[in-house]
Amino acid sequence: MQIIKSSLFQKFLEIIFGLSTKIGLNRTEPFNFNMSLTVGDDPEIVRVNREAFYNELGLTTEQIAIQKQIHSDIVTIVGEPGLIGESDAMITARKGIGLAISTADCIPIFIYDRKNEIIAAVHSGWRGNEKQILRKTILILFEQFNCSPNDLLVYIGPSICQKNYEVGDEVAKHFHRIYLKKIDNKLYLDILGVNKDELLNFGIQESNIEISSLCSYEEKYLHSYRRDGKNSGRALGVIAMKEK
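Residues numbered from 1 in each chain as written. Predicted model: local features only at pLDDT ≥ 70, side-chain atom pairs only at ≥ 80, totals over all residues. Heavy atoms only, no water.

**Brief notes about the nonpolar core**
Then step 1. Counting 35 residues, the largest nonpolar core has Ile91, Ile109, Ile111, Leu141, Val154, Leu189 and Leu199 as its most contacted members.
Then step 2. Elements supplying a minimum of two residues to this core: strand 6 (89-92), strand 8 (107-113), strand 9 (118-124), helix 3 (133-145), strand 10 (152-156), helix 4 (169-172), strand 13 (186-189) and helix 5 (191-201).
Then step 3. Broken down by element, this core gets its largest block of residues, six residues, from helix 3.
Then step 4. Those residues within four positions of leucine 199 in sequence are excluded, and the remaining contacts are Leu134, Ile138, Val154, Ile156, Ile204 and Ile209.
Then step 5. The next biggest cluster of nonpolar side chains, apart from the first, holds 23 residues, and it includes Leu99, Leu153, Leu222 and Met241. (Core = buried A, V, L, I, M, F, W, Y, C linked by side-chain atoms within 4.5 Å. Buried < 20%, exposed > 50% of the residue type's maximum accessible area, 1.4 Å probe, protein only. Helix = DSSP H or I, 4+ residues; strand = E, 2+ residues; numbered from the N terminus. Contact = heavy atoms within 4.5 Å.)

Structural data, given as structure tokens:
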């Protein structure tokens, strides 16, 4: 099984983190090592895949909070594991609960407040960006959990890079021109840059932000909806705080 880790989070022994890839349990095309129940894969295979992935991280299915992602601005404060309903960001202060983000080109963002011991996980595609899902998550961390930007550590997982993210005018109109590049009359969106700048604008130190250099579209061992369409599976990224 191939799992992507965060070198930033690995410095903190109390944090569990990993992000799955297409490689695991010798799964084959079209879905490979898929974590989604909504792409047409066999539900029992998905259940086994998830359990194996969680176990590799030292967790079980019963410890995972998973949301139905709808490209919204809904942020859920999680007190118990399980399916939490429609949401695109989760926050918890509870140890032993894994927050799971599904992805296949959109940006998965994971946050740890090392002082207050709070974690958050955000699913940020262009629609979520337009609705300010990351901004709203951080504001909740500040206002309801008394977090400080100096204490926040952030990992941004693999996502589609700008040169492969062609968008139409209906998408481009929602973003400042500095995040758009025009090549041969086609527009390409730097959705990663939008999220990074949001974090920096909140005062989070750049040294406390780790950004994966992997492009989900280019790396064949990563799931990519833009590349594979209906044959694309989904990855899961999970963050949790260990129970003492």
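**Some points on helix 5**
Then step 1. Three or more residues of helix 5 are buried, namely Ile191, Gly193, Val194, Asn195, Glu198 and Leu199.
Then step 2. Glycine 203 occupies a position one or two residues after helix 5 and carries a positive phi of about 90°.

**Quick notes on the side chain of glutamine 67**
Then step 1. Looking at the element boundaries, glutamine 67 is found in strand 3 (residues 64-68).
Then step 2. For glutamine 67, a relative accessible area of 7% puts it in the buried group.
Then step 3. A polar atom in the side chain of glutamine 67 sits 3.2 Å from the backbone nitrogen of alanine 89. (Polar contact = N/O pair within 3.5 Å; in protein donor to acceptor, adjacent residues only side chain to side chain.)

**Let's talk about the sheet that holds strand 11 (residues 166-167)**
Then step 1. Read across the sheet, three strands follow the order 11-13-12 without closing on themselves; strand pairing throughout is antiparallel. Whereas interior strands pair on both sides, the edge strands pair on one side only; in this sheet they are strand 11 and strand 12 (180-183).
Then step 2. Pairing between strand 12 and strand 13: four bridges, direction antiparallel. Paired with isoleucine 183 across the two strands is lysine 186, which belongs to strand 13. (Pairing = 2+ DSSP bridges.)

**Points about the environment of alanine 52**
Then step 1. By the element assignment, alanine 52 lies in helix 1 (residues 43-57).
Then step 2. Measuring from C-alpha to C-alpha, the distance between alanine 52 and glutamate 198 comes to 34 Å, with 146 residues separating the pair along the chain.
Then step 3. With sequence-adjacent residues up to four places away left out, alanine 52 is seen in contact with Met1 and Leu25.

**Describing the packing of helix 3 against helix 5**
Then step 1. At a closest axis distance of 10 Å, the pairing of helix 3 and helix 5 adopts a crossing angle of 25°. Between helix 3 and helix 5, the angle is such that the two are roughly parallel. Remark: the crossing between helix 3 and helix 5 carries right-handed chirality. Judged by residue contacts, Leu134, Arg135 and Ile138 of helix 3 engage Asn195, Glu198 and Leu199 from helix 5. (Axes fitted to C-alpha atoms, helices over the stretch in contact; angles between N-to-C directions. Parallel < 35°, antiparallel > 145°, perpendicular 65-115°, else oblique. Left-handed = near helix turned anticlockwise from the far one by under 90°.)

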